[in-house]
Amino acid sequence: MALDMDFVRRQFPALSGDWVFMDNAGGSQVLSRVADRISDYLLTSNVQTGATYAPSQRSTERVREARNAFARYLNAADAGEIVMGASTTMLIRVLSEAMTGSLSAGDEIIVTNTDHEANIGPWLKHEARGVVVRFWNCDPETLELDLDDLKDLMSERTKLVCVTHASNIFGTINPIAEISQIAHASGAQVCVDGVAYAPHRAVDVQALGADYYIFSAYKVFGPHVGVMWGRRDRLLELDNIYHFFFGKDAVPHKLEPGNINYELAHGAVGAIDYVEELGVMADATAGRGAIEAGFRDIAEQERAITARLLDFLGSRNSIRIVGRNSSAVEDRVATISFIAGDRDSKAIVDQVDPHMIGIRHGDFYAKRLILDLGLAPQNGVVRVSMVHYNTLDEVDRLIAALEPAL
């Protein structure tokens, strides 16, 4: 069943204006129900959790509801496996800090050059303690991560493999389940940055087999808050980074120093409710099944708009699509990057801006990748990052603005 686009767009107040938003990988527009929930929390239950009096009990229940909702969203086995924080960047730093006691000199960590710096920099910090960090680089011609290259990098000292689920430059979806199998066969754990994937497809952490999965709700139609799932046995192994009286078994709280942002956690539930509602409209049963059904319709809408833009870009001899040319839902998300010969990418975006279409140029904090591909001198790539609320008409409007710019 196709999405009811009139219904979809009514849920996002910003879409009623004149601008077309195609910089969604930097942050999506926010649902009105999310803003309503944040306001309601602040005006009716803005007290500390954990006390015996009724308003505190209500606040506690609302935070518990958020953990349960994110567990449902990720298909986690236990809501206690949900850790919340300011952002994906901060949560990976929290995870890196909490793994300090598990890493010794000579241990090895594998990172990729296709990742956002959030899943690289925190791990490089351990080099000062004698931990070896190895880079799993994509092929500079195919732009793919080769699983055989990963196997060659693995050793008996490998403790962790860090990889993105979908590249925020290429839009390429990586085979996390296979990567997890390779890592686990050598006794290593897997940390997945799911930021560029989570707005586009249903995430099933049990099927993926990774040990940690992190994403940002503000790129999934919600507020500026991050979410980390970790297998309970892995979370129990981590160091406590909160007050000394939090024991190692105080999961997830030992990984949430200063407590979480209660109103944003409560607000973010609105985004999960929204995806569930899309699934129910597609005749699915509420709950996890509705989330999966909602994302199936989301994926199909995104496939259609991605195909329209890729067809246009592929018709121009001067354009190189930086990523896969396929629009298939199993191959990529609706994040499309390109260059136009050796032209300055900023100049192209500057010509699109007056048309009131928000796209972007640069390295998008995947700076190592842009440097390795030799694209820094031309101000990186032009990136068009769409989500399901974008329409074919909006893509056509972008194409009309791009043609004279190219």
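Residues numbered from 1 in each chain as written. Predicted model: local features only at pLDDT ≥ 70, side-chain atom pairs only at ≥ 80, totals over all residues. Heavy atoms only, no water.

1. Comments concerning the sheet that holds strand 6 (residues 189-193)
Piece 1. Pairing is mixed across the open sheet formed by seven strands, whose spatial order is 2-8-7-6-5-3-4. Taken across any chain shown, the strands that pair with only one partner, and hence form the sheet edges, are strand 2 (82-85) and strand 4 (132-136). Across this sheet, the average inter-strand angle for adjacent strands is 20°, counted without regard to direction.
Piece 2. Strand direction decides the pairing type here: strand 7 (residues 212-216) and strand 8 (residues 226-230), joined by five bridges, are antiparallel. Each bridged residue has a counterpart across the sheet, and for Ile214 the counterpart in strand 8 is Met228. (Pairing = 2+ DSSP bridges. Helix = DSSP H or I, 4+ residues; strand = E, 2+ residues; numbered from the N terminus. Axes fitted to C-alpha atoms, helices over the stretch in contact; angles between N-to-C directions.)

2. Regarding the domain arrangement of the protein chain
Piece 1. What the domain assignment reports for the protein chain is domain 1 (3-30 + 287-401) and domain 2 (32-269).
Piece 2. Relative to domain 2, the C-alpha centre of domain 1 lies at a distance of 25 Å.
Piece 3. At the interface, 45 residues of domain 1 touch 41 residues of domain 2.
Piece 4. A combined buried area of about 3,400 Å² lies between domain 1 and domain 2, and 55% of that area is made up of carbon and sulfur atoms.
Piece 5. Of all residues in domain 1, Arg288, Phe295 and Arg368 bury the most surface against domain 2, accounting for 20% of the area lost on that side.
Piece 6. The tally of links from domain 1 across to domain 2 stands at three salt bridges.
Piece 7. Arg368 is paired through a salt bridge with Glu117; the nearest N and O atoms lie 2.8 Å apart.
Piece 8. Counting every contact that joins domain 1 to domain 2 gives 22 residue pairs in polar contact (both at pLDDT 80 or more). (Domains from an automatic or database assignment. Contact = heavy atoms within 4.5 Å. Buried area = accessible area lost by both parts, 1.4 Å probe. Salt bridge = Lys/Arg side-chain N within 4 Å of Asp/Glu carboxyl O. Polar contact = N/O pair within 3.5 Å; in protein donor to acceptor, adjacent residues only side chain to side chain.)

3. Here's the deal with the packing of aromatic side chains
Ring pairs (aromatic) are described by centroid distance and by the angle formed between their planes.
Piece 1. Per the counting criterion, the structure on display carries twelve aromatic pairs.
Piece 2. Note on Tyr242 and Phe246: the rings are 4.3 Å apart at their centroids and 20° apart in plane angle, and the pair reads as stacked.
Piece 3. Look at Tyr242 and you get buried, because its relative accessible area is 17%.
Piece 4. An aromatic cluster is built from Phe12, Phe221, Tyr274 and Tyr389, whose rings are joined through pairwise contacts.
Piece 5. Residue placement shows Arg383 over the ring face of Phe364; its charged tip is 3.8 Å from the ring centre. (Phe/Tyr/Trp six-rings, centres within 6.5 Å; stacked < 30°, edge-to-face > 60°. Buried < 20%, exposed > 50% of the residue type's maximum accessible area, 1.4 Å probe, protein only. Lys NZ or Arg CZ within 6 Å of the ring centre and 35° of its normal.)

4. Examining helix 14 (residues 392-405)
Since one α-helical turn is 3.6 residues long, residues separated by three or four positions face the same way.
Piece 1. Taking 1.5 Å as the rise per residue, helix 14 with 14 residues should run 20 Å; its terminal C-alpha atoms sit 20 Å apart, in good agreement.
Piece 2. For helix 14, the full list of buried residues reads Glu394, Val395, Leu398, Ile399, Ala401, Leu402 and Ala405. (Expected span 1.5 Å × (residues − 1).)

5. Quick look at the pairing of strand 2
Piece 1. Judged by which residues are buried, strand 2 turns out to be covered on both faces: Ile82 and Met84 on one side and Val83 and Gly85 on the other are all buried.
Piece 2. Relative to strand 8, strand 2 is paired through four bridges, and the arrangement is antiparallel. Paired with Val83 across the strands is Met228, a residue of strand 8.

6. Quick word on the nonpolar core
Piece 1. If you look at the biggest cluster of nonpolar residues, it comprises 83 residues, and the most contacted ones within it are Tyr73, Leu74, Ile169, Tyr213, Phe221 and Tyr274.
Piece 2. Of all the elements, helix 10 (residues 262-281) adds the most residues to this core, at ten residues.
Piece 3. Inspection of this core shows a minimum of three residues originating in each of domain 1 (3-30 + 287-401) and domain 2 (32-269).
Piece 4. If sequence neighbours within four positions are ignored, Leu74 has contacts with Ile82, Val203, Asp204, Val205, Tyr213, Phe215, Val227, Trp229 and Arg288.
Piece 5. Leu310, Ala334, Val352 and Ala405 belong to the second-largest nonpolar core, a separate cluster that totals 28 residues. (Core = buried A, V, L, I, M, F, W, Y, C linked by side-chain atoms within 4.5 Å.)

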